[in-house]
Amino acid sequence: MKISIYFLLLPLPLTLITFFLVFSLQPTTVTIPPTPVNPTYSSGDLKIRPGYASYESYIQRQLNKTLNPKLRKIWTTSDWERKVQVFAKFFQLLKQRQLLHNNSKALSIGARVGQEVEALRRVGVSDSVGIDLVPYPPLVIKGDFHNQPFDNDTFDFEFSNVFDHALYPHKFVAEIERTLKPGGVCVLHVALSGRPDKYSANDLFSVKPLVEMFKGSKPVHIRKVDGFGLDTEVVFRKKKIIRSSSA
């Protein structure tokens, strides 16, 4: 004999019936903890700036600066020669320290209109190119420094002064180590004393996070510089792979 559900509900107080029906018809909501955008660095000396709803919004903000017509005019006219000469002095010193050579295959990361690339070529490093979100031929090709458009072990030398613009610093560093040849050199110009650049995506307060992230490289030297608001030069050399000989 079938028993009607209404018969079973009859003994229950009306308030309990109402509560049961309302509760059972509500959709189930599952709260999923957000995935961390970046790993936590032990020193706490690297902070990612908040405010980006998506990677696309981050890219658009960076493009707002890169495509600014007033800035691009300054970079390619009144600012051009001054910056090329300053970068050339930095690179000449690196050559004197045997960290850069005329036959080095060199990359400038976040090169905008290519002042660093022009400087490299002027000091004799002819096989040089830059990447940026917006290309500037023939010095700069299109590329995202979080995902470099190059094969593994491509470059002998990589330079960047835009580390503070990396939303994912660990990916920025990982791409450098991926595309550097074993024994290759990476030179970063960073600001440790703080810089009020509204387009920066992170703030770095010591070199400890850099040393922590460059897992496949060894620090070569750290020195103070005056590089357009950046105060510290950090140089890493990618470790060479030592293959054990079989017995």
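Before reading on, note that the structure itself is shown above.
Model, not experiment: these values are computed from the prediction.

Chemist: I'd like a rundown of the packing of aromatic side chains, residues and numbers included.
Modeler: Under the definition given, this model contains 12 aromatic pairs. Ring centres of phenylalanine 87 and phenylalanine 159 lie 5.9 Å apart, and the angle between their planes is 75°; on these two criteria the pair is classed as edge-to-face. Taken as a pair, phenylalanine 87 in helix H5 (residues 80–96) and phenylalanine 159 in strand S5 (residues 155–160) lie far apart in primary sequence, 72 residues in all. The burial state of phenylalanine 87 is the same as that of phenylalanine 159; both residues are buried. A network of ring pairs unites the aromatic residues Phe87, Phe91, Phe157, Phe159 and Phe228 as a single cluster. Of note, arginine 61 hangs over the ring of tyrosine 199, and the distance from its end group to the ring centre comes to 5.3 Å. Cation over ring: lysine 83 sits above phenylalanine 228, and NZ or CZ is 5.1 Å from the ring centre.

Chemist: Got a sec to walk through the sheet that holds S5? Specific residues and values, please.
Modeler: Taken together, 7 strands build an open sheet; the order of strands is S4-S3-S2-S5-S6-S9-S8 and the sheet is mixed. The open sheet has two free edges, formed respectively by strand S4 (140–142) and strand S8 (217–227), since each of these has just one partner strand. Taking each pair of neighbouring strands and ignoring which way they run, the sheet shows an average axis angle of 20°. Pairing between strand S2 (residues 106–109) and S5: 4 bridges, direction parallel. Within the sheet, the bridge partner assigned to leucine 107 lies in S5 and is glutamate 158. Here helix H6 (residues 115–122) sits on the sheet in contact with S2, strand S3 (128–132) and S5, set at roughly 175° to S3.

Chemist: Could you give an account of the pairing of strand S6 (residues 180–190), with specific residues and numbers?
Modeler: S6 sits mainly inside the fold: 9 of its 11 residues count as buried. Two strands pair when backbone bridges link them, and S5 and S6 are joined in this way by 5 bridges, in the parallel orientation. Counted as the bridge partner of serine 160 is leucine 188 from S6.

Chemist: Give a detailed account of the environment of histidine 146, specifying residues and quantitative values.
Modeler: Position of histidine 146 among the secondary structure elements: in the loop between S4 and S5. When the C-alpha positions of histidine 146 and isoleucine 176 are compared, they lie 9.2 Å apart, and in sequence the two are 30 residues distant. Those residues in contact with histidine 146 that lie beyond four places of it in its chain are Tyr55, Tyr58, Ala166, Leu167, Tyr168, Lys171, Phe172 and Glu175.

So, how was this worked out
Residue indices follow the written sequence of each chain, beginning from 1 at its first position. Given that this is a predicted model, residues contribute local features only at a pLDDT of at least 70 and side-chain atom pairs are listed and counted only at 80 or more, while totals for whole chains, interfaces and linings are drawn from all residues. With hydrogens and water set aside, each side-chain value is computed from the structure's full complement of heavy atoms. A pair of Phe, Tyr and Trp rings is counted when the ring centres sit within 6.5 Å of each other, with Trp represented by its six-membered ring. The angle between the planes then sorts it: under 30 degrees is stacked, over 60 is edge-to-face, the rest tilted. Note on conventions: DSSP H or I runs of at least 4 residues are helices, E runs of at least 2 residues are strands, and numbering of each starts at the N terminus. Each residue is placed in one exposure class: buried if its accessible area under a 1.4 Å probe, protein chains only, is under 20% of its type's maximum, exposed if it is over 50%, and partly exposed if it falls in between. Placement of a charge over a ring requires the Lys NZ or Arg CZ to be within 6 Å of the ring centre, with the centre-to-atom vector within 35 degrees of the ring normal. The pairing criterion is simple: DSSP has to find at least two bridges between the two strands. Fitted lines through C-alpha atoms serve as axes, helices being fitted only where they are in contact, and the angles separating the N-to-C directions of these axes extend from 0 to 180 degrees. A contact between two residues is defined here by any heavy atoms of the two lying within 4.5 Å.

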